[in-house]
Amino acid sequence: MRKTGQPTINDVARIAGVSKKTVSRVINRSPLLNEETRRKVEEVIEGLSYIPNPQARALALRRNFLIGLVHDNPNAQTVMNVQQGMLEALRGTEFEMVVRPVDRGSATMLDDLRHFLERQRLFGVLLMPPISENDSVAKLCADIGCRYVRMASAPVDKPENMVTSNDRQAVREATEHLIANGHRRIGLVAGPHGFRSALERRLGFEDALGDAGIALPRSMIADGNYTFESGMVAAERLLDLTPRPTAILSCNDEMAAGVIHAARQRGLDIPRDLSIIGFDDTPIAAHVWPPLTTVRWPIASMARSAALKLIAGIDGDERDEGVEEPSLFLSTLIRRGSVSTASN
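Everything in this summary refers to the structure shown in the same document. Counting restarts for each chain, with residues numbered from 1 along the sequence as it is written. Only residues with pLDDT of at least 70 get local features here, since the model is predicted, and only at 80 or more are side-chain atom pairs given and counted; chain-wide, interface and lining totals rely on the full set of residues. Computation of side-chain values covers all heavy atoms of the structure but excludes hydrogens and water.

A look at the overall build of the protein chain
Okay, so step 1: Scanning the protein chain from N- to C-terminus turns up 13 helices and 12 strands.
Okay, so step 2: Classification of the 344 residues of the protein chain by burial places 54% in the buried group.
Okay, so step 3: Residue contacts follow a heavy-atom distance rule, with two residues in contact if any of their heavy atoms lie within 4.5 Å. The long-range fraction of contacts in the protein chain, counting pairs at least 24 apart against all pairs at least 6 apart in sequence, stands at 72%.
Okay, so step 4: Accessibility throughout is a Shrake-Rupley quantity obtained with a 1.4 Å probe, and a residue counts as covered only by protein chains that appear here. Summing over all exposed atoms, the protein chain offers an accessible surface of approximately 15900 Å²; the carbon and sulfur share of this is 50%.
Okay, so step 5: Residues scored as positive are Lys and Arg, those scored as negative are Asp and Glu, and His as well as the terminal groups of each chain are ignored. Taken as the charge location is NZ of Lys, CZ of Arg, CG of Asp or CD of Glu. Considering the protein chain, the positive charge centre built from 42 side chains and the negative charge centre built from 43 side chains are found 3 Å apart. Here a helix means four or more residues in a row that DSSP labels H or I, a strand means two or more in a row labelled E, and each is numbered from the N terminus. Any residue under 20% of the maximum accessible area for its type is buried, any over 50% is exposed, and the rest in between are partly exposed; the area is computed with a 1.4 Å probe on protein chains only.

Here it is, written out as structure tokens:
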């Protein structure tokens, strides 16, 4: 009797002459395969029109093929960039992504998160800042056996459990660029309190000014919360100073756009009257006029690496050193049209 029904992973393995584990590696794009084996299995999969059954695999693993993204971040563009990187890593695998916003100020945040992780039976979770900076959240994931990777602006965990950027050094170099252009009255639009990224970027700013022997009055720092509106408010405060800053460094591009708007309302020319630097290199940096000099934060690459860390070793194997995902990603200064030599 002719067999009916959908082909299974057992059928693929039998016809290809390999183990089920090898088929799984092909499906999940594991680097632990030679190209000849990969091509052979892919040809069998195509010939059988085999479609993986993540539900059956999930029952065997007692975990769903879901990778979570947990965040409490006020900047929608940042969250979208992280999703882009994760989806790139998961494309073509058995995994899907689920997004969960949380309120880090809630007294029930940990209980709510535990309920979510246990109910969804996630295979792993990427923790975005500032949630990622909370050791209690990482401990919760470890306690319930949920893989996790923390995204941060400075090391906060073991390399296998994190991806990080060099925010402090990157902002230091951006500030040095302003100083090299003759600026001495430099204002800072800082990020929100409680964000490690805001602290690291402020420290980089202070490092550069200190090395150059430039005093930093408290009045030259205005707090923001990573939104356009907060950038406008912070810029108004800085531009009310006498003498006003000749340059402003903003801890993200959204706030830098708010600074540009506030400066234009006062009739200031950018960069002739005011130089501006942002951080992130989001699309808004290239869309404002003049195009914004900014620090390129490789957040999508960080998210891609984090997702690959989470799904590595799905069949009990670890990646070897030659293909291990990196933990440190370097931010770089992108010079555009919003900085010029200080005129006074």
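Following the structure, the description resumes.
Concerning the pattern of salt bridges
Okay, so step 1: In what follows, salt bridge is the name for a side-chain nitrogen of Lys or Arg lying within 4 Å of a carboxyl oxygen of Asp or Glu. For the coordinates displayed, the defined rule picks out 21 salt bridges.
Okay, so step 2: Notably, a salt bridge pairs Asp 72 with Arg 104, separated by 3.5 Å at the nearest N-O pair. A residue pair is termed long-range when its members are at least 10 positions apart, and Asp 72 in the loop between strand E1 (66–71) and helix H5 (76–90) and Arg 104 in the loop between strand E2 (96–101) and helix H6 (109–120) qualify at 32 residues.
Okay, so step 3: As a salt-bridge pair, Asp 281 and Arg 336 come within 2.9 Å of each other at their nearest N and O atoms. With a gap of 55 residues between them, Asp 281 in the loop between strand E9 (275–280) and helix H12 (283–287) and Arg 336 in the segment after strand E12 (332–334) connect regions that are remote in the sequence.
Okay, so step 4: Exposure remark for Asp 281: the relative accessible area of 18% places this residue in the buried category.
Okay, so step 5: A relative accessible area of 27% places Arg 336 in the partly exposed class.
Okay, so step 6: Salt bridges linked by common partners bring Asp 135, Arg 150 and Asp 157 together as one network.

Brief notes about the sheet that holds strand E7 (residues 221–223)
Okay, so step 1: Whether two strands pair depends on DSSP finding at least two bridges between them. Taken in spatial order, the six strands make up an open sheet running E7-E6-E8-E9-E10-E12, and their pairing is mixed. Looking along the sheet, the strands with just one partner apiece sit at the ends: E7 and E12. The mean angle between the axes of side-by-side strands here comes to 20 degrees, regardless of whether they run parallel or antiparallel. The angle between two axes is taken between their N-to-C directions and runs from 0 to 180 degrees, where each axis is a line fitted to C-alpha atoms and a helix contributes only its stretch in contact.

Looking at the packing of aromatic side chains
Okay, so step 1: Ring pairs shown here join Phe, Tyr and Trp side chains whose ring centres sit within 6.5 Å, with only the six-membered ring taken for Trp; geometry is labelled stacked below 30 degrees between planes, edge-to-face above 60, and tilted in between. Across all of its chains, the model carries five aromatic pairs by this definition.
Okay, so step 2: When the ring of Phe 195 is compared with that of Tyr 226, the centres are 5.5 Å apart and the planes differ by 85 degrees; the resulting orientation is edge-to-face. You can see Phe 195 sitting in the loop between strand E6 (186–190) and helix H9 (196–211) and its partner Tyr 226 sitting in the loop between E7 and helix H10 (228–239), a full 31 residues away along the chain.
Okay, so step 3: Classification of Phe 195 as buried rests on a relative accessible area of 5%.

Here's the deal with the nonpolar core
Okay, so step 1: To qualify as a nonpolar core, a set must consist of buried Ala, Val, Leu, Ile, Met, Phe, Trp, Tyr and Cys residues joined through side-chain atoms within 4.5 Å. Residues Ile 67, Val 82, Met 86, Leu 126, Met 151, Leu 249 and Ile 276 are the most contacted members of the largest nonpolar core, which totals 70 residues.
Okay, so step 2: Take this core: its biggest share by element is eight residues, from helix H13 (residues 299–311).
Okay, so step 3: Sequence-distant contacts of Val 82, defined by excluding residues within four places in its chain, comprise Leu 69, Leu 126, Met 128, Met 151, Ile 299 and Ala 303.
Okay, so step 4: In this structure, Leu 117, Val 137, Ala 138 and Cys 146 belong to the second largest nonpolar core, which totals 18 residues.

A few points about the sheet that holds strand E11 (residues 328–329)
Okay, so step 1: With parallel pairing, six strands are arranged side by side in an open sheet as E2-E1-E3-E4-E5-E11. Across the chains shown, the open sheet's two edge strands, defined by having one partner strand only, are E2 and E11.
Okay, so step 2: Pairing analysis gives two bridges linking strand E5 (residues 162–165) to E11, with the strands arranged parallel. Following the sheet pairing, Thr 164 is matched in E11 by Leu 328.
Okay, so step 3: Contacts from H5 reach E1, E2, strand E3 (124–127) and strand E4 (147–152) within the one sheet, and its direction differs from that of E1 by about 165 degrees.

Focus on the state of the cysteines
Okay, so step 1: In what follows, a disulfide is any cysteine sulfur pair within 2.5 Å. Counted according to the given criterion, the structure contains zero disulfides.
Okay, so step 2: With no disulfide of its own, Cys 141 has Cys 146 as its nearest cysteine by sulfur position, at a separation of 5.2 Å.
Okay, so step 3: Judged by relative accessible area, which is 0%, Cys 141 ranks as buried.

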